[in-house]
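The chain contents come next:
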Amino acid sequence: GCGRARGGGAEVLGAGRRVHALQPGFISTRLHKALSPQARFAYVNIAEWESAEHFPAASSREEVKRLTEGSQERFPHYPSLYSMIRAGMVGSRSAS
């Protein structure tokens, strides 16, 4: 998901990662922080799940609901599912 909050966002996303990591189907996560203060989103969190069904199932669990209760007001975020359409190497750097 992407988050707009400038302060505390990494903590919210970190807590979410810890809870999601315990859920069936969770593989990994990568948290990116914007380099520019003008970026639309301060943080972009990329989580990998075994299937598209695992994320909504994990998000509907009570422990996840308790953790995220009220977080939309403190840290607006927009969780969505995406599929990768490209990954590869360009020169000597990794590109996605």
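Given the structure is predicted, the values throughout are model-derived calculations rather than measurements. (Residues numbered from 1 in each chain as written. Predicted model: local features only at pLDDT ≥ 70, side-chain atom pairs only at ≥ 80, totals over all residues. Heavy atoms only, no water.)

Counting secondary structure elements, the chain contains four helices and five strands. For the chain, the succession of helices and strands along the chain, N to C, is β-α-β-β-α-α-α-β-β. The 96 residues of the chain split such that 23% are buried. Taking the intrachain contacts of the chain between residues at least 6 apart in sequence as the baseline, contacts between residues at least 24 apart amount to 62%. (Helix = DSSP H or I, 4+ residues; strand = E, 2+ residues; numbered from the N terminus. Buried < 20%, exposed > 50% of the residue type's maximum accessible area, 1.4 Å probe, protein only. Contact = heavy atoms within 4.5 Å.)

Looking at the element boundaries, Asn-45 is found in strand E3 (residues 43-49). We classify Asn-45 as buried; its relative accessible area is 15%. Looking at Asn-45, its side chain comes within polar contact range of the side chain of Thr-29, at 2.6 Å. (Polar contact = N/O pair within 3.5 Å; in protein donor to acceptor, adjacent residues only side chain to side chain.)

This part is about the side chain of Gln-23. Note that Gln-23 resides in the loop between helix H1 (9-20) and strand E2 (26-33). In this structure the side chain of Gln-23 is engaged in a polar contact, spanning 2.6 Å, whose partner is the side chain of Arg-61. Beyond its immediate stretch of four places on either side in the chain, Gln-23 contacts Trp-49, Ala-58, Arg-61, Glu-63 and Val-64.

All right, on to the confidence of the model for the chain then. Residue-level pLDDT values for the chain average 79, and 78% of them are 70 or greater. Of all secondary-structure elements in the chain, the lowest mean pLDDT belongs to strand E1 (residues 2-3), at 55, while E2 reaches the highest, 89. (pLDDT = per-residue confidence, 0-100.)

Another point: the packing of aromatic side chains. For the coordinates displayed, the defined rule picks out three aromatic pairs. Ring plane angle 80° and centroid distance 5.3 Å describe the contact between Phe-26 and Trp-49, whose orientation is recorded as edge-to-face. Remark: Trp-49 occurs in strand E3 and Phe-26 occurs in strand E2; sequence separation between them is 23 residues. Like Trp-49, Phe-26 is buried. (Phe/Tyr/Trp six-rings, centres within 6.5 Å; stacked < 30°, edge-to-face > 60°.)

Attention now moves to the environment of Ser-28. Inspection of the secondary structure puts Ser-28 in strand E2. Note: C-alpha distance between Ser-28 and Trp-49 (21 residues apart in sequence) is 7.2 Å. Those residues in contact with Ser-28, other than ones at most four positions away along the chain, are Ile-46, Ala-47 and Glu-48.

Turning our eyes to something else, we now look at the environment of Ile-27. Structurally, the position occupied by Ile-27 is in strand E2. For Ile-27, a relative accessible area of 43% corresponds to the partly exposed category. Not counting residues up to four positions away in its chain, the partners in contact with Ile-27 are Glu-48, Trp-49 and Glu-50.

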